[in-house]
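Structural features, examined
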Amino acid sequence: MEIVIVPDAAAGGELIATAIAELFTRKPDALLGVATGSTPLPVYRALEAKVEAGTLDVSRARVCQLDEYVGLPAGHPQSYREVLLREVLEPLGIPGERFTGPDGAAEDIAAAALAYDRELAAGGGVDLQLLGIGTDGHIGFNEPCSSLASRTRIKTLTEQTRADNARFFDSPDEVPHHVLTQGIGTILEARHLVLLATGAAKAHAVVQAVEGPLCALVPASALQLHPHATVVVDEAAAAELRLADYFRATYAAKPDWQSL
Ligand code: F6R
């Protein structure tokens, strides 16, 4: 696992956007997995700037969702599909046909979950999956004690996660209790995992995921199993890392030709 400590969220966004731009240069029809929430927004704004500057060509790019609320009607402004259309697809000029996600409004949620895993596999798999991390260590919406081998399925949000997400809704009661999320086993199939964590509220989850034991109680610790996982943290989120100086020295000495 590579840990990169950046000065702030904007620097993290730029670094990851550069890695995504390199991916689309190498493989124009790559499948990019995107996350919602506040953390990845600097990545999306940096990607938008690259498209506007003409340094990123997304004319064949494909995009897929990590997770979706269950029970919000299709088109609800806080459904993750709508959020990603607003924050990623429209600003980058990627049409909806090249965007897919789990159907949280499906009548048969179990069938929708299975169909989504199959669709990802049939599409050749995810090339780069962008991840955030919950204050309780979740990735996607794999809450603590999710199976490390789990596939896309319905999960119940913890009250902590519902409270963390209440800022996006008019009232805390409106935050759905259930989500459809790629499982940890599904996420681990992506070729490159890039987790971004910013702010002091994430410092404890980050140290547990990176330096703690591999355990289902901290779902993000599953990144330790992945052969190509990158964790980008700002100074505040890095505050509890015991090996911070080593991570800084390693990144500073990294050869120029080696990207994330
Ligand atoms: C949402 C997702 C979640 C968030 C996490 C952090 O698609 O994957 O794991 O990344 O809840 O959310 P923020 O970034 O809002 O702190």
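The notes below deal with the structure included here. Treat the numbers as computed from the prediction; the structure is a model and nothing was measured.

A separate point is the site of the ligand. Thr36, Thr39, His138, Gly140 and Lys202 are the nearest of the 14 residues found near the ligand. Taking glycine 140, its main chain carries an N or O atom lying 2.7 Å from an oxygen atom of the ligand. Against a free-state accessible area of 410 Å², the protein chains account for coverage of 93% of the ligand.

At their nearest, the axes of helix α1 (residues 9-26) and helix α2 (residues 41-53) sit 7 Å apart, and the two run at 55° to each other. With respect to α2, the axis of α1 lies oblique. Between α1 and α2 lies a crossing whose hand is right-handed. The segment α1 lies against α2, with Ala9, Ala10, Gly13, Glu14, Ile16, Ala17, Thr18, Ile20 and Ala21 engaging Pro42, Val43, Ala46, Leu47 and Lys50. Considered class by class, the residues forming the contact of α1 with α2 number 10 nonpolar, 2 polar and 2 charged.

Another point: the sheet that holds strand β10 (residues 229-234). Taken in spatial order, the 7 strands line up as β1-β10-β9-β6-β2-β3-β5 in an open sheet, and their pairing is parallel. The sheet is open, and its two edges are formed by β1 (2-6) and β5 (99-100), each paired on a single side.

Note that serine 221 resides in the loop between α7 (203-211) and β10. Classification of serine 221 by relative accessible area gives buried; the value is 0%. From its side chain, serine 221 meets the backbone oxygen of valine 218 in a polar contact 2.7 Å long. Those residues in contact with serine 221 that lie beyond four places of it in its chain are Gln208, Ala209, Pro213, Leu214 and Cys215.

All right, on to the nonpolar core then. Grouped together as the largest cluster of nonpolar side chains are 34 residues, with contacts concentrated most on Ile16, Ile20, Phe24, Val43, Tyr44 and Leu47. Looking at this core, the elements with two or more residues in it are β1, α1, β2 (31-34), α2, α3 (80-92), β6 (128-131) and β9 (192-197). When residues in this core are grouped by element, the largest group, 8 residues, is from α1. Ignoring any residue separated from it by four or fewer positions in sequence, one finds isoleucine 16 in contact with Val43, Leu130, Val194, Leu196, Val232 and Leu260. Formed by 33 residues, the second largest nonpolar core is a distinct cluster that contains Ile3, Ile5, Leu66 and Leu241.

Sheet architecture is open: 3 strands sit in the order β4-β8-β7, paired in antiparallel fashion. Where the open sheet ends on each side, the last strands, each with one partner, are β4 (67-69) and β7 (153-156). The sheet shows a mean angle of 30° between the axes of neighbouring strands, taken without regard to direction. As paired elements, β7 and strand β8 (residues 178-181) share 4 bridges and run antiparallel to each other. The partner of isoleucine 154 across the bridge, within β8, is leucine 180.

Two faces belong to every sheet, and in a regular strand the side chains alternate between them. Judged from the 3 bridges that link them, β4 and β8 form a sheet pairing that is antiparallel. Counted as the bridge partner of glutamate 68 is leucine 180 from β8.

Inspection of every chain in the model, using the stated rule, returns 5 aromatic pairs. Consider the rings of tyrosine 80 and phenylalanine 141, whose centres lie 6.0 Å apart with planes at 20°: the pair is stacked. Of this pair, tyrosine 80 sits in helix α3 while phenylalanine 141 is found in the loop between β6 and β7, placing the two residues 61 residues apart along the sequence. Across this residue pair, the class does not change: tyrosine 80 and phenylalanine 141 are buried. Seen from their ring centres, tyrosine 246 and phenylalanine 247 are 5.9 Å apart, and the 50° between their planes marks the pair as tilted. Judged by its relative accessible area of 53%, tyrosine 246 is exposed. The exposure class assigned to phenylalanine 247 is buried, which follows from its relative accessible area of 10%. In this structure an aromatic cluster arises from ring pairing among Tyr69, Tyr80, Phe141 and Phe169.

Definitions and limits used
- Residues numbered from 1 in each chain as written.
- Predicted model: local features only at pLDDT ≥ 70, side-chain atom pairs only at ≥ 80, totals over all residues.
- Heavy atoms only, no water.
- Near = heavy atom within 4 Å.
- Polar contact = N/O pair within 3.5 Å; in protein donor to acceptor, adjacent residues only side chain to side chain.
- Areas by Shrake-Rupley, 256 points an atom, 1.4 Å probe, with all protein chains shown as cover.
- Axes fitted to C-alpha atoms, helices over the stretch in contact; angles between N-to-C directions.
- Helix = DSSP H or I, 4+ residues; strand = E, 2+ residues; numbered from the N terminus.
- Parallel < 35°, antiparallel > 145°, perpendicular 65-115°, else oblique.
- Left-handed = near helix turned anticlockwise from the far one by under 90°.
- Contact = heavy atoms within 4.5 Å.
- Nonpolar A, V, L, I, M, F, W, Y, C, P; charged D, E, K, R; others polar.
- Pairing = 2+ DSSP bridges.
- Buried < 20%, exposed > 50% of the residue type's maximum accessible area, 1.4 Å probe, protein only.
- Core = buried A, V, L, I, M, F, W, Y, C linked by side-chain atoms within 4.5 Å.
- Phe/Tyr/Trp six-rings, centres within 6.5 Å; stacked < 30°, edge-to-face > 60°.

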